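# Architecture at a glance
The primary structure of each chain is shown beneath.
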Amino acid sequence: MEVLELEPLKGQKLRIVMVESEHGIDWYLLEPSNSPKDFFSELRIMSKEYREFINKMVEEYRPDFCLEERGMRSIEEFLYDNPLVDVFKKHGIPYSYVDIADNARDYIWSTISRQQELRNALIEQITKILAKNPEARKNDENFLKLVTWAQYFEQNLKEIEEDIKFRVREAWMMSGVLNQAREIKKKNVTAMLICDPRHADGISKLCTDLDVDLVTVKAKKEINNKEETAELSSLLESSHVEIIPIVVKKKEQRQHILYFLDTDQHASPFDMNMAYDAGFDVVIPLGGVKPDEAQRLVQDIIFSRGPKGAKYTAIFVGGSNVNQAQEIFEKAVESLVPPFEVPIIFDPRGACTTASALVAKAEEAVITLNLGNIEKMKVAVLGGTGPVGRFACILAAKLGCKVYMVETWSGASEQYVKTVATNLNEKFGVEIEGVFAPNKERMEIVQDADMVFSVAKAGVQLLSKEDVEGLKPKKLLLDVNAVPPLGIGGLDRNDDKKELKPGVYGVGSLAIGALKRQVEENLLRKAKEVKGKAVFDHLAAFETAREILLEKPVISKAA
């Protein structure tokens, strides 16, 4: 069997003018049987108006060659009983047919002919049984089994034929166009393809995949009456048929590009992989970005693609240096100029999406476990001065919690944590209390808290298993650390609202991480789809997390 290969043209640019055929073009893999004959099936005669229409299309687009879908016509019928042959001959344009190769069609048919035989045999048996016993359809188990198998074969055959009729044949037609174009020794080639309009979507997708420009021309047929009359002969005499071309321009194909502005030397592979999985065609990492470079980079990004290209552009701001990333993000938003505005995501090293997942899981657990009113709860955020901790503090405070940002690293200082808390309070309009507790004194805060968030860096344990055993009941513990030793002893990474001891519940890092991934993917997809300015920060991430878990995105104190 002939091998079908579809490869883009090399060194040539192809434009296809796809013209709608005047009548639908018949094609079938399995010859229809026992079906009423279509009155017009053998009367699909090409009109003079359609020939004139094609002539106009040739004069307008000047194709280098034309191919027409052959369908079920024989080669003789196509070449010697086809009025379009003379149209293209007059213009000196090569004209031929294109479709699935006969040997390929025969091969496909041979692979399913056995199914067709079985279906026909089953239908014959079913017909005989019904002739003898019309009630068999109600209670005859053997009859019902035969019907089930017959329906299975029938449905399977229809699905196979539908796939061949469109997807497979469209690939063969495109292959024929490409092969013919390769024979034309020109850099820019124009081909005309006449086919059934039902192939429009399939051919369009193939053109996109093969970097082929496409113009679709529909043939709209109108009958204009010069005068009203009841007599058929007078009606025909006073009317004329007009075929009007309707050009459907191919949708402009643009690649969705995400520019990754990262404070680190190397942009995060985690976030880049997620961006590709979310549907971006290209992700461009820009590492080591400084705040004073943000405006220049952003405006280079948006102006270079123009207003139309900006609709297919997005920016992601990340990095381990949260303060610098925040400044880059703010300057990036300020640098947008209408109509070149683009969506911007802010998630430095996953801090916003992780914190959002953490706080949303906490809220869900409080509701599910009936632990009380979250707006009145005390929250101890251990390791709270880090990237995740800062945004967890902000979001918990937005919910109305009494938040303690607990610095657990002995190398820090009380002044440091209080300064961080003060800056967040002023910038985000929240109330966070900074506490320096690098040693066992942190247990006083933990015992007094209703919820404890463990958000220190990976591999640092903040509460031992013994510490957890000594906790008072009605307490919720959440840990984002997935690297041993875990942040909270006795809490498994997969735990999700698990009771660790009477009245003390835990949520592990993998339960939080699963939601974090959902949130980030959701934000990336939104950024890809939205047109114009949109900001996806910690608040947008938290709203998304709440939508996923609770169907309540609004943060009551987020204004």
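Here we summarise the structure given alongside this text. Computed from a predicted structure; not experimentally measured. (Residues numbered from 1 in each chain as written. Predicted model: local features only at pLDDT ≥ 70, side-chain atom pairs only at ≥ 80, totals over all residues. Heavy atoms only, no water.)

### Overview of the environment of Leu-146
As for its placement among the helices and strands, Leu-146 is situated in helix α6 (residues 141–183). On a C-alpha basis, the gap between Leu-146 and Ile-126 in space is 6.9 Å, while along the polypeptide they are 20 residues apart. If we ignore the near neighbours within four places in the chain, the residues touching Leu-146 are Leu-122, Gln-125, Ile-126 and Ile-129. (Helix = DSSP H or I, 4+ residues; strand = E, 2+ residues; numbered from the N terminus. Contact = heavy atoms within 4.5 Å.)

### A few points about unusual backbone geometry
Across the junction of Pro-338 and Pro-339, the peptide omega takes the value 0°, indicating a cis bond. The topology assignment puts Pro-339 in the loop between α11 (322–334) and β10 (343–346). At Arg-349, a position not held by glycine, the phi torsion is positive, near 50°. Among the secondary structure elements, Arg-349 is positioned in the loop between β10 and α12 (351–368). Judged by its relative accessible area of 36%, Arg-349 falls in the partly exposed class. With phi around 65°, Lys-497 is a residue other than glycine that occupies positive phi space. Mapped onto the secondary structure, Lys-497 falls in strand β16 (residues 496–501). (Buried < 20%, exposed > 50% of the residue type's maximum accessible area, 1.4 Å probe, protein only.)

### With respect to the packing of α12 against helix α18 (residues 538–549)
It is at 8 Å that the axes of α12 and α18 come closest, and there the two elements cross at 40°. In terms of orientation, α12 lies oblique with respect to α18. α12 and α18 meet at a crossing whose hand is right-handed. Contacts between α12 and α18 involve Cys-352, Thr-353, Ser-356, Ala-357, Val-359, Ala-360, Lys-361, Glu-363 and Glu-364 on the former and, on the latter, His-538, Ala-541, Phe-542, Ala-545, Arg-546 and Leu-549. Split by residue class, the contact of α12 with α18 holds eight nonpolar, three polar and four charged. (Axes fitted to C-alpha atoms, helices over the stretch in contact; angles between N-to-C directions. Parallel < 35°, antiparallel > 145°, perpendicular 65-115°, else oblique. Left-handed = near helix turned anticlockwise from the far one by under 90°. Nonpolar A, V, L, I, M, F, W, Y, C, P; charged D, E, K, R; others polar.)

### Overview of the pattern of salt bridges
Close approach of charged atoms lets side chains of opposite charge pair. Counted according to the given criterion, the structure contains 29 salt bridges. Ionic pairing is found between Lys-186 and Asp-64, a salt bridge with its closest N-O pair at 2.7 Å. Placement of Lys-186 in the loop between α6 and β4 (188–195) and of Asp-64 in the loop between α1 (48–61) and β2 (65–69) is noted, with a sequence separation of 122 residues between them. Among the ionic contacts, a cluster of salt bridges with common partners joins Lys-361, Glu-364, Asp-496 and Lys-497. (Salt bridge = Lys/Arg side-chain N within 4 Å of Asp/Glu carboxyl O.)

### Observations concerning a nonpolar patch on the surface
Together, Ile-75, Leu-79 and Tyr-80 make up an exposed nonpolar region whose accessible area comes to about 310 Å². Relative to the helices and strands, Ile-75 is located in helix α2 (residues 75–80). Taking the relative accessible area as the measure of exposure, Ile-75 reaches 32% and is therefore partly exposed. (Patch = residues over 30% accessible without salt bridge, like charges linked within 9 Å, V, L, I, M, F, W, Y side chains within 5 Å. Areas by Shrake-Rupley, 256 points an atom, 1.4 Å probe, with all protein chains shown as cover.)

### Considering empty space enclosed by the protein
This structure, assessed with the given rule, holds one cavity of 30 Å³ or more. Its volume calculated, the largest cavity comes out at about 30 Å³. Taken together, Ile-25, Glu-69, Lys-165, Phe-166, Arg-169, Asp-196, Arg-198 and His-199 form the lining of the largest cavity. Element by element, the count of residues in the lining of the largest cavity is highest for α6, at three residues. (1 Å grid on protein atoms, 1.4 Å probe; cavity = no way out; pocket = protein on both sides within 12 Å on 5 of 7 lines; lining within 4 Å. Points joined across faces, edges and corners; volume = space filled by probe spheres on them.)

### Regarding the sheet that holds strand β14 (residues 451–454)
Spatially, the seven strands line up as an open sheet ordered β13-β12-β11-β14-β15-β17-β16, and their pairing is mixed. Across the chains shown, the open sheet's two edge strands, defined by having one partner strand only, are β13 (432–436) and β16. Neighbouring strand axes in the sheet, compared pairwise and without regard to direction, differ in orientation by 25° on average. Relative to strand β15 (residues 475–479), α12 is tilted by about 155°, and along the sheet it contacts β14, β15, β16 and β17 (504–507). Each of β11 (378–382), β12 (402–407), β13 and β14 is contacted by helix α13 (residues 387–398), which is oriented at about 165° to β12, the strand it contacts most. (Pairing = 2+ DSSP bridges.)

### Quick notes on the sheet that holds β10
Reading across the sheet, the five strands line up as β8-β7-β9-β10-β18 and stay open at both edges, with parallel pairing between neighbours. In this open sheet, the two strands that pair with only one neighbour each are β8 (282–286) and β18 (534–536). Put simply, the sheet's adjacent strands are angled 20° from each other on average, direction ignored.

Function-wise, these values are silent; they only describe arrangement.
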